[in-house]
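# Examining the three-dimensional arrangement
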Amino acid sequence: MSDIMIPTIEELTRKRMEALTVSEKAIIEHPAEYREIKKIIQYIISKTVDIEEYYSTAKKLTGLLGKMIESGNQSIFFYYYTNIDPRQKGQARYFRANCIDLDQQLQCVDHMRHIKRHIRVIH
């Protein structure tokens, strides 16, 4: 039998809230970088990114994510930083999927921020 401890729902929920809180702190500290990340993510999701563009686009995105993780490695940005960066775990075939997933996570953070602070988005 394995000695691996399976986390409880409460532990997972607590860790998720901690990650969202650290992520929110990063957004507050680096709002321009956050806006640029969202802009790049939307481009990647909605357009065709040529393989020749992949490395430079991934490198630019991970540079911004690297700025965001200065607030703490417990944020959601750290996971994507390592999984998108082509010099680490990032691979071209998973690039769009990682960006779609990151977009969904950013929507969760934004939703939490809207509820918590009654923030309104003006387009």
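Residues numbered from 1 in each chain as written. Predicted model: local features only at pLDDT ≥ 70, side-chain atom pairs only at ≥ 80, totals over all residues. Heavy atoms only, no water.

It is worth spelling out the pattern of salt bridges at this point. This structure, assessed with the given rule, holds 6 salt bridges. One salt bridge connects R87 with D85, and the closest N-O pair in it is separated by 3.1 Å. Classification of R87 as exposed rests on a relative accessible area of 51%. (Salt bridge = Lys/Arg side-chain N within 4 Å of Asp/Glu carboxyl O. Buried < 20%, exposed > 50% of the residue type's maximum accessible area, 1.4 Å probe, protein only.)

Counted at 1.5 Å a residue, the expected span for helix α3 (residues 51-68) with its 18 residues is 26 Å, and the 26 Å between its end C-alpha atoms agrees. Within α3, the full set of buried residues consists of Y54, T57, A58, L61, T62, L64, L65, G66 and M68. Tucked inside the fold, the buried residues of α3 contact α1 (9-29), α2 (31-46), α4 (76-84) and α5 (95-117). (Helix = DSSP H or I, 4+ residues; strand = E, 2+ residues; numbered from the N terminus. Expected span 1.5 Å × (residues − 1). Contact = heavy atoms within 4.5 Å.)

This part is about α1. Under the 1.5 Å per step criterion, the end-to-end length of α1 is 30 Å for 21 residues, consistent within 8% with the ideal 30 Å. The inward-facing, buried residues of α1 contact α2, α3, α4 and α5.

In this structure the tally under the stated criterion is 0 disulfides. Unpaired in terms of disulfides, C99 finds its nearest cysteine sulfur in C108, a separation of 16 Å. A residue is classified by how much of its surface remains accessible, and C99, at 0% relative accessible area, is buried. (Disulfide = S-S within 2.5 Å.)

What follows covers the nonpolar core. By size, the foremost hydrophobic cluster in this structure holds 27 residues, and its most contacted members are I37, L61, L65, F77, I84, F95 and L102. Those elements that place two or more of their residues in this core are α1, α2, α3, α4 and α5. Sequence-distant contacts of I84, that is, excluding residues within four places in its chain, are made with Y54, A58, L61, T62, L65, G90, F95, N98, C99 and L102. (Core = buried A, V, L, I, M, F, W, Y, C linked by side-chain atoms within 4.5 Å.)

So, about the confidence of the model for the chain. Fine structural detail should not be taken from predicted coordinates in areas where pLDDT scores are low. Taken over all residues, the pLDDT of the chain has a mean of 87, while the share at 70 or more is 94%. Considering each helix and strand of the chain separately, the mean pLDDT is smallest for α5, with a value of 88, and largest for α2, with 95. (pLDDT = per-residue confidence, 0-100.)

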